[in-house]
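# Survey of secondary and tertiary structure
The primary structure of each chain is shown beneath.
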Amino acid sequence: MRALTEWLTRLSKITPEVGPLIDHFRVVVSGPTPIDIENWLLSVDPQGSMAQSAQATGPESFSILRLPDEPGRPEGLHDRHRLGADLAAIFSLALDRRVVIPNDFAIQFGQQIHFQSTAQVVDQTIQGPLPDDAKSLVATYILAIAGLPPDDQDCIGAACTAYHGAILLFDREPRAAYTLLVTGIELLSRRYGSPPTEWQDWESSSEWDAFFDIQALSGNQASAFRQRLLSDKHLRLGQTFRTYASTRPRDSFWDVSVDQWISGTDQETGVWLAPILASSKKVSDFVGTDRILFRQKLASSYQLRSSVVHESKWIELLTLGQPFVPDQPQRDALSFPIIRKLLAELLAVELFDRASPYCPPDFQLLRQI
């Protein structure tokens, strides 16, 4: 909540002579009644109900939050996102309702205010046009799922729902979405990966051996430590995750496209414009083809997931998003789009390797004219 308290500190510096800078946020709340707050440090002006959305679980309404701030202060994407997230969390806690402050920024034309989303920066690869062969792609996956043995169907199905959950959340809570992608890979690695059984199989073994030498441990003492370390479930899970996810992808994975689409809005009407292809690269352009270095990135991704799960660590949007240029250094965690494509690759590998031919029912539903 530091962004919130820092805002209050800045608010105390505003003088009557200069006055505040007014920033605008959208505030969406579940229910038919919009939030209404006036004559206080901030103002939440009710606007009315929202049109029915496929993402909504019931009626929603929205307001415009007018937030005074210190004039002349440069505001970046990170600062705005963090402050909006802090405010949304406090509103949700205080009101016992789901309150959403979207990741966007305000564009004002006279008395009209339009909002441009910034959430797409997390994953710009899923904003583009649909593929032309939608029917054949969907049919291939459905028939493959039907051809799986029940145990494989359960595991691959669970990883698939984790993948889908990440897509549902990426523009609202990208940290949670990222953890779901890592969880999906971990599910597959537990079933289809090979846990390390030999000391030399563990990538940190040489570091521990050197530590044992420094501590002048006897052979029996060092052996006891090795057995204890290898039996540690957490260490085995992490090692299995990294080994599986770095060795199981096909060589063609490095050539998978990473297209970055930008969806803007008309600045005068607020209507969405057709997406524009801003960049088209391959997975290898961002992570190379060295599977050892790729494993190091996976280790960072696993650690990033753990820091979110165990510490609710804050992660900046651009840390999760894929930059337009190849990123460095190699040990950084995988971006959201890359790890999403990795989970999709692993799902495809396990699905099509393990599915038996399946003959669908002799049925065809014709389109009504």
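Residues numbered from 1 in each chain as written. Predicted model: local features only at pLDDT ≥ 70, side-chain atom pairs only at ≥ 80, totals over all residues. Heavy atoms only, no water.

### Examining helix H5 (residues 174-192)
- Its 19 residues place the ends of H5 27 Å apart at the C-alpha level, agreeing with the 27 Å of an ideal helix rising 1.5 Å per residue.
- With a side-chain oxygen positioned 3.0 Å from the backbone nitrogen of Arg175, the residue opening H5 is Glu173. (Helix = DSSP H or I, 4+ residues; strand = E, 2+ residues; numbered from the N terminus. Expected span 1.5 Å × (residues − 1). Polar contact = N/O pair within 3.5 Å; in protein donor to acceptor, adjacent residues only side chain to side chain.)

### A closer look at the nonpolar core
- Core analysis: the largest hydrophobic core is formed by 44 residues, its most contacted members being Leu188, Leu334, Phe336 and Leu342.
- Mapped onto this core, the elements with two or more residues apiece are helix H4 (150-169), H5, helix H8 (233-247), helix H9 (283-287), helix H10 (291-311), helix H11 (317-320) and helix H12 (336-354).
- Top contributing element to this core by residue count: H12, with eight residues.
- Dropping the residues within four chain positions of it, Leu342 is found in contact with Ile185, Ala245, Pro249, Phe253, Phe294, Leu298 and Leu334. (Core = buried A, V, L, I, M, F, W, Y, C linked by side-chain atoms within 4.5 Å. Buried < 20%, exposed > 50% of the residue type's maximum accessible area, 1.4 Å probe, protein only. Contact = heavy atoms within 4.5 Å.)

### Here we look at unusual backbone geometry
- Phi is positive for Asn39, which is not a glycine, with a value near 55°.
- Tracing the sequence through the fold places Asn39 in the loop between strand E1 (21-30) and strand E2 (43-49).
- Despite not being glycine, Ser312 shows a phi value in the positive range, around 50°.
- Secondary-structure assignment places Ser312 in the loop between H10 and H11.
- Among the residues examined, Ser312 registers a relative accessible area of 47% and is labelled partly exposed.

### Considering the confidence of the model for the chain
- Overall, the prediction assigns the chain a mean pLDDT of 85, with 92% of residues at 70 or greater.
- Taken element by element, the predicted model of the chain shows its lowest mean pLDDT in helix H7 (residues 219-231) (71) and its highest in H12 (96). (pLDDT = per-residue confidence, 0-100.)

### Some points on the pattern of salt bridges
- This structure, assessed with the given rule, holds 17 salt bridges.
- The salt bridge partner of Glu345 is Arg250, with a shortest N-O separation of 2.8 Å. One end of the pair, Glu345, is in helix H12; the other, Arg250, is in the loop between H8 and strand E7 (257-262), with 95 residues separating them in the sequence.
- Using a relative accessible area of 6% as the deciding quantity, one classes Glu345 as buried.
- Arg250 gets classed as partly exposed once you look at its relative accessible area, which sits at 40%.
- Across the salt bridge formed by Glu350 and Arg354, the nearest N and O atoms sit 2.7 Å from each other. Here Glu350 pairs with Arg354, and both are found in helix H12, just four residues apart, close to one helical turn.
- Arg354 gets classed as partly exposed once you look at its relative accessible area, which sits at 30%.
- Here the salt bridges share partners, and the residues they tie into one network are Arg248, Glu350, Asp353 and Arg354. (Salt bridge = Lys/Arg side-chain N within 4 Å of Asp/Glu carboxyl O.)

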